[in-house]
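# Working through the structure, step by step
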4 protein chains.
Amino acid sequence: MTTVPSAMREAVDAAKARVSALHAELPRWELVVWTAGNVSERVRGVDGHPDLLVIKPSGVAYDDLTPEEIVVCDLDGTLIEGERSPSSDTAAHAYVYAHMPHVGGVVHTHSTYATAWAARGEEIPCVLTMMGDEFGGPIPVGPFAIIGDDSIGRGIVATLEGHRSPAVLMQNHGPFTIGKDAKSAVKAAVLLEEVARTVHISRQLGDPLPIPQDAIDSLYNRYQNVYGQH
Amino acid sequence: MTTVPSAMREAVDAAKARVSALHAELPRWELVVWTAGNVSERVRGVDGHPDLLVIKPSGVAYDDLTPEEIVVCDLDGTLIEGERSPSSDTAAHAYVYAHMPHVGGVVHTHSTYATAWAARGEEIPCVLTMMGDEFGGPIPVGPFAIIGDDSIGRGIVATLEGHRSPAVLMQNHGPFTIGKDAKSAVKAAVLLEEVARTVHISRQLGDPLPIPQDAIDSLYNRYQNVYGQH
Amino acid sequence: MTTVPSAMREAVDAAKARVSALHAELPRWELVVWTAGNVSERVRGVDGHPDLLVIKPSGVAYDDLTPEEIVVCDLDGTLIEGERSPSSDTAAHAYVYAHMPHVGGVVHTHSTYATAWAARGEEIPCVLTMMGDEFGGPIPVGPFAIIGDDSIGRGIVATLEGHRSPAVLMQNHGPFTIGKDAKSAVKAAVLLEEVARTVHISRQLGDPLPIPQDAIDSLYNRYQNVYGQH
Amino acid sequence: MTTVPSAMREAVDAAKARVSALHAELPRWELVVWTAGNVSERVRGVDGHPDLLVIKPSGVAYDDLTPEEIVVCDLDGTLIEGERSPSSDTAAHAYVYAHMPHVGGVVHTHSTYATAWAARGEEIPCVLTMMGDEFGGPIPVGPFAIIGDDSIGRGIVATLEGHRSPAVLMQNHGPFTIGKDAKSAVKAAVLLEEVARTVHISRQLGDPLPIPQDAIDSLYNRYQNVYGQH
């Protein structure tokens, strides 16, 4: 495929608009500095065409981002449409979409507190009811992996497959979050940083109290059944 | 009751406008992320009608909130008016109004530093003159309780009844604050996070000096007699 | 005196405008929450009239403050002009003006990091060249004192008299800063919080390196001779 | 030389506009308070004229800065054009341009976390992939030096010559960053503060995991070859 199929044009343009607007949430919630961080969304294929993804181009300032600048790639990470190069993290996003069919959105940031846990390679324990609601348990750590092959994507998928948490802390690197769509993945990125910060601060002066597993299960099951309503 | 009595219409609409505007104070003072947090206000019944409460609907972004979207419930937490579901914390607010007749406003947040103390189940000691003024002593901790029955509401009331502090740290969860009206409860939420942060930071490098009980009493009594003027 | 002398009208109105505008610097630099904090400026007497001071009224939100709302008091702290009560900290400001003739501006905040040092009753050591420039040494601690008599004002004056620092940390309370005018005192309040934060953070992971006294003297003398130019 | 050569006028004015606009990034990313901090850019000489530099004047508020107020100096730090005095840090900037011909931009701030490391005289270890990308290893510390001779400039050059890092932490003082132009130096200042904060926070609760040297080399080499695209 070298162009966006006409049957997918409308869906691709709508996803570009959503993803462009959602990027504004990253600096707003102080999850990124300069041009770091990126949001992507899957566009499901129709008429036998394979799925595509839309993502931020590389090196563009948040203030300058428009829907027209969002680029389109296939699930190998190859550029299909766009005047600029896709984000250098595109291969990791593409790998997730290719291997986790239920995922519709992916977000990557270097948000400060989540990255601080990631630098120690330490999972965030579930000591807040808000973590039970959204993450259903601790936030897991993924392996050390650097750009150059598919090792980041493989590390994300291996860590999140079969885990309740929509967030993974890639060691020495930073968090990736997933969701049913880009907005859900952005929400997970925002709440992840908040719980990473709160648990960090709590631990600075002692040990946070654990939440019993059955209470975590109860919080998670209730919250997921009223998703989008809190 | 299934609708707002006409004799209470004007008061309900005024409360909706106040509560909608006060929600803007929560992100402004960085007490909430995403759609978390909620403010409510009691509307006192007239002509034999029982009291009502107005509160934020569930899952609405702060930017999108308007007075028309604020919902009305009775003091059992049942929806009386509004197109969206009430906040999932409505039962806790309603329980407080039903059992603490002098309370006119309730605020719930997951503000970072207050929640960090709550995660350790540790009260905040009174080591700032500003705490003496507004809280009259330490900020107490309430029990661990999860959504599903009235245990959160009971925990708030049991902790705050007979206590000077208008704020309680619900264990592993976050703070609730009360006031004579919604604005007073919002003020208490803002000042709570400030003292939670300041005392945390002070304790990181040593032990804050205690304030003698008679000085706390003096600060509290003076401040409460010039309420609204500082 | 019960009114502003006509010979001082123009100077008083100019001071009101300056002080009203300078209050916006307090939330901008995150030195205050809600309605806390206040800025005042001395208006020197002419034609045999005694000096006056202008200050923020009590309990007014920062967004709502206008030059017309700034109140005028004599150096006993008695209200001379204004529809609202003067800030409850007016007596402390007035005492400083009455006893330190070279002081033209006073600022009081509860800025977080400065107040955290104040809660431990611990001076901030001079370990930053920026502290040498602006403060000429460590930031001293003043005594514990509560509102009700002139003990806060006396504590400020006793600590700052003969000291290079334009800032004092009142124990368990918060900082007061002074300057040749209100703008200088606001600048000192902003820089104080910045050095309180930086030295706190530095000390969290070890011991900051001391600066030799002769280097501190050299920084201070150079900076004060090019005042207003940095 | 006492005036800007006409052959350099256009280049000087373009640099003034760029540098004026880039100053807005400093408060935006919370790297400075009040009037602290400065950005400069080299203007390369033509027709046998020596290089010049443009820099912020001393003591001007960020809100008030315009391209017309940016001043021009030669590489001895002598004022060539401008109504105000150049920043008191101009001698340090000029020394860097005079001794590091490949440097086109210099930034100085007192950003909080970077300055906290500088106050301890401790380099920031390379424990984040983002540090490998941008800095290629740890952030080094430069000597203690105070304004008055060329010791600050010499310290910066001696530390950064032959080092991958475009950032140096001047002991007890704060960071200087360099780049091929002013924008690159500002980017380095922003990323420096972010890594200084993240590594600080990570170390508060344990030891961040080191990144193997070959992985750092790989990150650095890839990133520098796709400069401006991330």
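The sections below set out a description of the structure shown in this document. (Residues numbered from 1 in each chain as written. Chains lettered and ligands numbered in written order. Predicted model: local features only at pLDDT ≥ 70, side-chain atom pairs only at ≥ 80, totals over all residues. Heavy atoms only, no water.)

What follows deals with the environment of Gln204(A). With respect to the secondary-structure elements, Gln204(A) resides in helix H7 (residues 182-204). With relative accessibility at 22%, the residue Gln204(A) sits in the partly exposed group. With 176 residues separating them in the primary sequence, Gln204(A) and Arg28(A) have C-alpha atoms 26 Å apart. Among all residues touching Gln204(A), those that are not within four sequence positions of it are His200(B), Gln204(B), Gln204(C), Gln204(D) and Leu205(D). Here the side chain of Gln204(A) touches His200(B) through a polar contact of 2.9 Å, side chain to side chain. Looking at Gln204(A), its side chain comes within polar contact range of the side chain of Gln204(D), at 2.8 Å. (Helix = DSSP H or I, 4+ residues; strand = E, 2+ residues; numbered from the N terminus. Buried < 20%, exposed > 50% of the residue type's maximum accessible area, 1.4 Å probe, protein only. Contact = heavy atoms within 4.5 Å. Polar contact = N/O pair within 3.5 Å; in protein donor to acceptor, adjacent residues only side chain to side chain.)

All names here are of chain A. For helix H3 (residues 90-99), the buried fraction is high: seven of the ten residues fall into the buried class. Within H3, burial applies to Thr90, Ala92, His93, Ala94, Tyr95, Val96 and Tyr97. Tucked into the core, H3 has its buried residues touching strand E1 (38-43), strand E2 (52-55), strand E3 (71-74), strand E5 (105-108), helix H6 (151-160) and strand E8 (174-179).

All names here are of chain C. Ordered by their spatial adjacency, eight strands build an open sheet running E4-E3-E2-E1-E5-E8-E7-E6, and the pairing between neighbours is mixed. Two strands close off the open sheet at either side, each with one partner strand: strand E4 (79-81) and strand E6 (141-142). Sheet analysis places strand E2 (residues 52-55) next to strand E3 (residues 71-74), joined by four bridges and oriented antiparallel. Bridge pairing links Leu53 to Cys73 in E3. Lying over the sheet, helix H1 (residues 9-23) contacts strand E1 (38-43), E2, E3 and E4, oriented at roughly 160° with respect to E1. Against the sheet, helix H6 (residues 151-160) touches E6, strand E7 (167-170) and strand E8 (174-179), its axis set at about 135° to E7. (Pairing = 2+ DSSP bridges. Axes fitted to C-alpha atoms, helices over the stretch in contact; angles between N-to-C directions.)

Our next topic: the relation of the copies chain A and chain B. The operation relating chain A to chain B is a screw motion whose rotation component is 90°, with 0.0 Å of axial translation and a residual RMSD of 0.0 Å. In the structure described here, the two chain copies are related by an operation that fits a four-fold rotation axis. Minimal C-alpha separation from the rotation axis in chain A is found for Gln204(A), amounting to 5.4 Å. (Least-squares fit on C-alpha atoms with pLDDT ≥ 70 in both.)

It is worth spelling out helix H1 (residues 9-23) of chain A at this point. Residue and element names in this part refer to chain A. In this model, H1 (15 residues) spans 21 Å end to end at C-alpha, consistent with the 21 Å of a helix rising 1.5 Å per residue. Among the residues making up H1, those that are buried are Val12, Ala15, Lys16, Val19, Ser20, Leu22 and His23. Burial along H1 is one-sided: seen end-on, the buried residues are contained in an arc of 160°. If you follow the buried residues of H1, they end up packed against helix H2 (25-28), E1, E2, E3, strand E4 (79-81) and H7. (Expected span 1.5 Å × (residues − 1). Arc of directions from axis to C-beta.)

A few words on the pattern of salt bridges. Summed over all chains, the structure comprises 53 salt bridges over all chains. A salt bridge links Arg203(B) to Glu122(B); the shortest N-O distance between them is 2.9 Å. Within this pair, whereas Arg203(B) is found in helix H7 (residues 182-204), its partner Glu122(B) is found in the loop between helix H4 (112-120) and helix H5 (129-135), the two being separated by 81 residues in sequence. For Arg203(B), a relative accessible area of 22% corresponds to the partly exposed category. The closest approach of N and O atoms between Asp13(D) and Arg9(D), which form a salt bridge, is 2.9 Å. One end of the pair, Asp13(D), and the other, Arg9(D), are both in helix H1 (residues 9-23), four residues apart, so they sit about a helical turn from each other. Owing to a relative accessible area of 29%, Arg9(D) belongs among the partly exposed residues under this scheme. Salt bridges linked by common partners bring Arg9(A), Asp13(A), Lys16(A) and Glu81(A) together as one network. (Salt bridge = Lys/Arg side-chain N within 4 Å of Asp/Glu carboxyl O.)

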